[in-house]
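Given next are the chains, with one letter for each unit.
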Amino acid sequence: MRLRHGLLALFCTLPLAASAQEAPAVQSARSALQASVAARGVAPADLADLAPTDVAFDQLSGATFVYMAQRVNGVEVWATQTPVAVTGRGEAISPATAAFERGLAGRANAPTPAVEAASAVATAAAHLSSTSPAPHHLLTDNPAVDAAALAARPTFAVSGTPRLVYQPVAGGALRLAWALTMEGGSQLWAVRVDAATGAIIAKDDLIAHDTWGEGARRPASFAPLASGAAALGAVAAPSSYRVVPMPNESPAHGAFSLAVNPADPVASPQGWHQTGSTSYTITRGNNGYAYRDSDGNANTPDPGSSPDGGASLVFDNAFDPAQGVGPNAAAAVTSIFYWGNIVHDVTYRYGFDEVGGNFQTTNFTGQGNGNDAVLLEALDASGTNNANFSSPSDGGAGRMQMFEWTARPQLTITAPASVAGNYATASANFGPPAVFSGSLSATGPAGSVAAQQACTQAAITANVTGKVALIMRGNCDFVAKVKNAQLAGAIAVIVYNCDPLEVTPCSAVNPEDLTTMGGTDPTITIPSLFVANSTGVALATATGVQASATAGVNRDSDFDAGVIAHEYGHGISNRLVGGPSNSSCLGNAEQMGEGWSDYVGLMLTMRAGDTGLQRRGVGTYLQFEANDGDGIRPAPYSTNFAVNDYTYQDVISNTNGSGPRALTTPHGVGFAWATMMWDVTWSLIDTYGFSPNIYDATGTAGNQIAMNLYATGLKLTACSPGFVSGRDGILAADALRYPDAANPGRGLHYGIIWRAFARRGLGQNASQGSTSSATDGTADYTVPPGATASEQTAEGGIARLDLAGQNPFTTSTAFALSVDRTQTVRVELLDLLGRSVAVLHDGPVASGAALTLRVSAQGLPSGVYVVRAAGETFSLTERVTVVR
């Protein structure tokens, strides 16, 4: 057995002797894990009883993935699945981080339940019916979004067979518990009920799947709808779809065109409209069923809500952005069907296939569980300004719900000329649409904060009757401000952001932020909108202001491929982390599911000519922004620290905090993870180039390598992961998919991966602490030995450029340069345009000696720079980042 630096993959060659009852791969996996107790910080007794929960063969790597869980008294310990990939040569590769519990001896209570399973089911059903929150993975963290729809409390019943597990609880005990899968309406929960006391001791939102009766579970239920059936034969028929085709992200990124025969013959051998035994002419097939869910009730899809392409399967539905969402419904359903199938086909190639637990009605290989094609619900009426995905374990149908996004009002000032023009706005979740026209009046004079903030009707000192009231944001509710202005006679309200440096009280962080005004009050009858502080100040200081607002045209998330891929990504990560039969591994605080989902959207919409430095926002189309806008994350994705300088330290320091760098759980945490993955990807592309053929999982381009590391890395990430778990999963994936013969236990991209992660604070000495918390980790920027830049020289030797200091850095850092023969070397610091900023060395470097090169940040603006060492027989480069 060999363990490199305690952080890379466990890589050992083991005998394949096995009992007749157990596969050799399982025995190899168990032996490998039991041999690693010292490296993993567990006692031999902790791994004395390991049992497989999933075993799946991976076609790409030729390895068998075995997911091993701990047991005590023959009972599985909850959420301890740790993956091992066993190659055909008997080599076992596993990430250095595991989900194992330590010190099992003495922690478990008696293995005999005092509470019957039926009683546990009744307790769980009553609990969930009164307490269950939002049922889906949502795209945003906005608590005001879809409040009414998500507050529905369905009746719950048990799904599947209750089983006994040991549940770790606060204080360190392991409690025998009934593990139940509870289903209600569109919700699905994993609940653990104490088998001794009957108390609920843990629960995980599994994200519910739809249940159209028993039809979601039996092939017979997929009989064709009367209006959509066709006998197309057993081979894929020609088909075409008018969409914004891959890799264009939205109508703002590219034009609509007719995509002809886009089904991948490997992933969808019968095309997109057959299920093996049944053919359809509507947007339904083996991988998904797309329809308009206009009543928000997906349990009974309306047969007429799916466009019909006829016997020729031509889905040529026009899109007119000026018409809004309703008239474009057929185009929307076509778009979500196309992109849902695209994500299925691409990720199938990289290992999210049938045995990996993907979403298909019929599994043509006979492996994995079928009858779980994704329900693709376009223009779902159960919410707005969001999207979600539900993903139970393999065999349960996934569901994607895509919502309409409300346009921001258009504010136009026609007079006076000094402030005339159009201004950016945000809308309100209450009152009528922001359509108005009239004279503007502030609610109070300059200097009177109470009057300007209008937190009571009495505080309003100006005459706003028949006028548009201008109100400053403050600590009182938006609803209260607008209602007070309405009572004072205003016909509309413009609220402008406050500046915390100028006035008190002020609840704003950034005075230029545009905030959707939350709250509800059915008695508010006047429209309102929100503007930035600079806009409000300009209007407040002008006289004779004439303002008008018009409603924009709403947009549909079914036309944003990045969002569709993001949502589908939840199904991928839920089924690959911990194994396809276990969809409850991503419920802890530091899990990175949202980041993995953003990453899928980014990868499938990469275009030739893109660069790592450019701004890639999530949801810019739905935010009515330019393509290089900020989107809905704390910053756009970019390798440029001037655009996105978030690191692991921000996760530790700012999760669920306040201030301009606050990160939420789970979306902010996921954003930080996707930022790191994006850096890894572009480091690979910078080295190996880019290929537009994202289907080629055997390709050698950087983006193809990155997709392999993403998908295989998910399979090699332990249950309930943190950032270190995810990093180690990718390192283990590199060792499996791209083994370095010269360095057993490492992959060929070891250095690239380490340098990219270390740049964002996930270096060699980083610690994730307990993954149930996102704030107890330790950031580190150290690159381990052997992961720094090196190159074979023209004469067959090696030149090395090793980081010897911090990166990123604020004052200075250092590198060590070594060569195997004396030669003249010029070392320069370059900016990203290739211009020389400083010469660090220009002269001879002796063989065998390490030359220390000091890089000073003095006089340098924040950003990314390149250290280039050019000798007579080699040329090396390394990126460094200056942060202020």
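Every value quoted in this text rests on a predicted model; they were computed, and no experiment measured them.

Asker: Break down the overall build of the chain for me, citing the residues and quoting the values.
Answerer: Of the regular secondary structure elements, the chain holds 15 helices and 37 strands. Taken over the C-alpha trace, the chain has a radius of gyration of 29 Å; the compact-globule value for 884 residues is 29 Å, and the two agree within 12%. By its C-alpha atoms, the chain is 85 × 75 × 60 Å across when sized along the principal axes. Classification of the 884 residues of the chain by burial places 57% in the buried group. Contacts spanning at least 24 positions in sequence make up 65% of the contacts within the chain whose residues lie at least 6 apart. As displayed, the chain offers around 30,700 Å² of accessible surface, 52% of which is attributable to carbon and sulfur atoms. Placing the 47 positive and 69 negative side-chain charges of the chain at their respective mean positions leaves the two points 4 Å apart.

Asker: Help me get a handle on helix H13 (residues 702-715), residues and values and all.
Answerer: For H13, which comprises 14 residues, the first-to-last C-alpha distance of 20 Å matches the rise-based estimate of 20 Å (1.5 Å per residue) to within 8%. Most of H13 is tucked away: 14 of the 14 residues are buried.

Asker: Requested: an account of the packing of aromatic side chains, with residues and values cited.
Answerer: Per the stated rule, a full pass over the model turns up 24 aromatic pairs. Ring centres of Phe319 and Phe559 lie 4.7 Å apart, and the angle between their planes is 55 degrees; this geometry places the pair in the tilted category. With Phe319 in the loop between strand E17 (314-315) and helix H5 (329-349) and Phe559 in the loop between strand E29 (555-556) and helix H9 (561-576), this residue pair connects regions lying 240 residues apart in the sequence. Neither Phe319 nor Phe559 differs from the other in exposure class; each is buried. Where Trp678 meets Trp682, the ring centres are 6.1 Å apart and the plane angle is 85 degrees; that geometry is what we call edge-to-face. Highlighted residues: Trp678 and Trp682, both in helix H12 (residues 667-688), separated by four residues, approximately one helical turn. Judged by its relative accessible area of 2%, Trp678 is buried. Taking relative accessible area as the criterion, Trp682 reaches 5% and is therefore assigned buried. Pairwise contacts between aromatic rings join Tyr241, Trp272, Phe315, Phe337, Tyr338 and Trp339 into one cluster. Arg284 extends its terminal NZ or CZ atom over the ring of Tyr289, reaching a point 4.3 Å from the ring centre.

Asker: An account of the nonpolar core is needed here, citing residue identities and associated values.
Answerer: Grouped together as the largest cluster of nonpolar side chains are 139 residues, with contacts concentrated most on Met400, Trp673, Tyr710, Phe723, Leu762 and Leu817. A per-element tally of this core places H12 first, with twelve residues. Setting aside its immediate chain neighbours within four residues, Leu762 contacts Tyr648, Trp673, Met676, Phe723, Val724, Arg727, Trp754, Phe757 and Asp780. Counting residues in each nonpolar core, the second largest holds 24 residues, with Tyr423, Cys506, Val531 and Ala549 among its members.

Asker: Help me get a handle on the pattern of salt bridges, residues and values and all.
Answerer: Within this structure, the stated rule accounts for 28 salt bridges. Salt-bridge contacts for Glu377 lead to Arg399; the nearest nitrogen and oxygen are separated by 3.4 Å. Placement of Glu377 in strand E18 (residues 374-378) and of Arg399 in strand E20 (residues 399-402) is noted, with a sequence separation of 22 residues between them. Here the two residues Glu377 and Arg399 agree in accessibility, since each one is buried. Each member of the salt-bridge network shares a partner with another, and the members are Arg826, Glu828, Asp842 and Arg868.

Asker: Describe helix H7 (residues 478-487), listing the residues and the values that go with them.
Answerer: For H7, a buried count of seven out of ten residues is recorded, marking the element as mostly surrounded by other parts of the structure. By the burial criterion, the buried members of H7 are Phe478, Val479, Lys481, Val482, Asn484, Ala485 and Gln486. Summarising the contacts, the buried residues of H7 are in contact with helix H6 (449-453), strand E25 (468-472), strand E26 (492-496) and strand E27 (528-531). Just beyond H7, the residue with positive phi is Gly489, at close to 100 degrees.

Asker: For the state of the cysteines, give the residues involved together with the corresponding values.
Answerer: Under the definition given, this model contains three disulfides. Sequence-ordered numbering of the bonded cysteines in the chain gives a pairing of 1-2, 3-4, 5-6.

Asker: Which residues make up the sheet that holds E17, and what values go with them?
Answerer: The strand order across the open sheet built from three strands is E15-E14-E17, with neighbouring strands paired in mixed fashion. A strand with exactly one partner marks an edge of an open sheet, and here the two such strands are strand E15 (257-260) and E17. Both strand E14 (residues 240-243) and E15 contribute to a ladder of four bridges, which runs antiparallel. Note on E15: the bridge partner recorded for Tyr241 is Ala259.

Asker: So what's going on with the packing of H12 against H13? Which residues, and what values?
Answerer: It is at 7 Å that the axes of H12 and H13 come closest, and there the two elements cross at 145 degrees. The interaxial crossing formed by H12 with H13 has right-handed handedness. Where H12 abuts H13, its residues Met677, Thr681, Leu684, Ile685 and Tyr688 lie against Gly702, Asn703, Ile705, Ala706, Leu709 and Tyr710. Taken together, the residues that form the contact of H12 with H13 break down as eight nonpolar, three polar and no charged.

Asker: An account of the sheet that holds strand E28 (residues 546-550) is requested, with residue identities and associated values reported.
Answerer: A sheet is described by the order of its strands in space; here seven strands give the open sequence E23-E22-E28-E24-E25-E26-E27, paired in mixed fashion. The outermost strands of the open sheet, each flanked by one partner alone, are strand E23 (421-423) and E27. Direction aside, neighbouring strands of the sheet carry axes that sit 30 degrees apart on average. Summarising the sheet, strand E22 (residues 410-415) and E28 pair through five bridges and their orientation is antiparallel. Bridge pairing in E28 links Thr412 to Ser548.

Asker: How would you sum up the pairing of E22? Please name residues and give values.
Answerer: Pairing of E22 with E23 involves three bridges; the strand directions are antiparallel. Among the inter-strand pairings, Ile413 is bridged to a residue of E23, identified as Gly421.

Asker: How would you sum up the side chain of Asp264? Please name residues and give values.
Answerer: Locating Asp264 in the fold gives a position in the loop between E15 and strand E16 (288-292). A polar contact is formed between the side chain of Asp264 and the backbone nitrogen of Ala267, at a distance of 2.9 Å. Setting aside its immediate chain neighbours within four residues, Asp264 contacts Pro269, Trp272, Asp345, Arg349 and Tyr695.

Asker: Explain the packing of helix H10 (residues 593-604) against H13 to me, using residue names and the numbers behind them.
Answerer: Closest axis-to-axis distance for the H10/H13 pair is 12 Å, and the angle between their directions is 155 degrees. Between H10 and H13, the crossing angle belongs to the class labelled roughly antiparallel. Of the two elements, H10 crosses H13, and the hand of that crossing is left-handed. On the side of H10, the interface is formed by Trp596, Tyr599, Val600 and Met603, while H13 contributes Asn703, Ala706, Met707, Tyr710 and Leu714. Partitioning the contact of H10 with H13 into residue classes produces eight nonpolar, one polar and no charged.

Asker: Report on unusual backbone geometry, specifying residues and quantitative values.
Answerer: Put simply, Ala415 and Pro416 share a cis peptide bond, and its omega is -5 degrees. Position of Pro416 among the secondary structure elements: in the loop between E22 and E23. Despite not being glycine, Ala454 shows a phi value in the positive range, around 50 degrees. Tracing the backbone through its elements, the reader meets Ala454 in the loop between H6 and E25.

Rules used throughout
- What you see as residue numbers is a count from 1 along each chain, following the sequence as written.
- In view of the model being predicted, local features appear only for residues whose pLDDT reaches at least 70, and side-chain atom pairs are presented and counted only at 80 or more, with totals across whole chains, interfaces and linings using the full set of residues.
- Note: side-chain values were computed over all heavy atoms of the structure, leaving out hydrogens and water.
- By definition, any uninterrupted DSSP run of H or I lasting at least four residues is a helix, any uninterrupted run of E lasting at least two residues is a strand, and each is numbered from the N terminus.
- Note on method: radius of gyration uses C-alpha positions; expected globular size equals 2.2 Å times residues raised to 0.38.
- Burial classification: accessible surface area is computed with a 1.4 Å probe over protein chains only, and a residue below 20% of its type maximum counts as buried, one above 50% as exposed, and the rest as partly exposed.
- Here a residue-residue contact requires only that any non-hydrogen atoms of the pair lie within 4.5 Å.
- Exposure was quantified through the Shrake-Rupley algorithm and a 1.4 Å probe, taking into account, for residues, occlusion by the shown protein chains and nothing else.
- Residues counted as positive are Lys and Arg, residues counted as negative are Asp and Glu, and His and the chain ends are not counted.
- For charged residues, the charge sits on one atom: NZ in Lys, CZ in Arg, CG in Asp, CD in Glu.
- A helix is expected to span 1.5 Å multiplied by its residue count minus one.
- In summary, the pairing rule links any two rings of Phe, Tyr or Trp, Trp by its six-membered ring, whose centres are within 6.5 Å, and it sorts them by plane angle into stacked for under 30 degrees, edge-to-face for over 60 and tilted for everything else.
- A ring is scored as having a charge over it whenever the NZ atom of a lysine or the CZ atom of an arginine sits within 6 Å of its centre and within 35 degrees of its normal.
- Buried Ala, Val, Leu, Ile, Met, Phe, Trp, Tyr and Cys residues form a nonpolar core when they are joined through side-chain atoms within 4.5 Å.
- By definition here, a salt bridge exists when the distance from a side-chain nitrogen of Lys or Arg to a carboxyl oxygen of Asp or Glu is within 4 Å.
- Our working definition of a disulfide is a cysteine sulfur pair at a distance within 2.5 Å.
- Two strands are counted as paired when DSSP detects at least two bridges linking them.
- To get an axis, fit a line to the C-alpha atoms, keeping to the stretch in contact for a helix; angles then go from 0 to 180 degrees between the N-to-C directions.
- Two helices cross in a left-handed way if the nearer one is turned anticlockwise from the farther one by less than a right angle. They cross in a right-handed way if the turn is clockwise.
- When residues are sorted by character, Ala, Val, Leu, Ile, Met, Phe, Trp, Tyr, Cys and Pro go into the nonpolar class, Asp, Glu, Lys and Arg into the charged class, and all the rest, Gly among them, into the polar class.
- Polar contacts here mean pairs of N or O atoms no more than 3.5 Å apart (in protein, one a potential hydrogen donor and the other a potential acceptor; neighbouring residues in sequence count only if both atoms are side-chain atoms).
- Here the word oblique covers every angle except those under 35 degrees (roughly parallel), over 145 (roughly antiparallel) and from 65 to 115 (roughly perpendicular).

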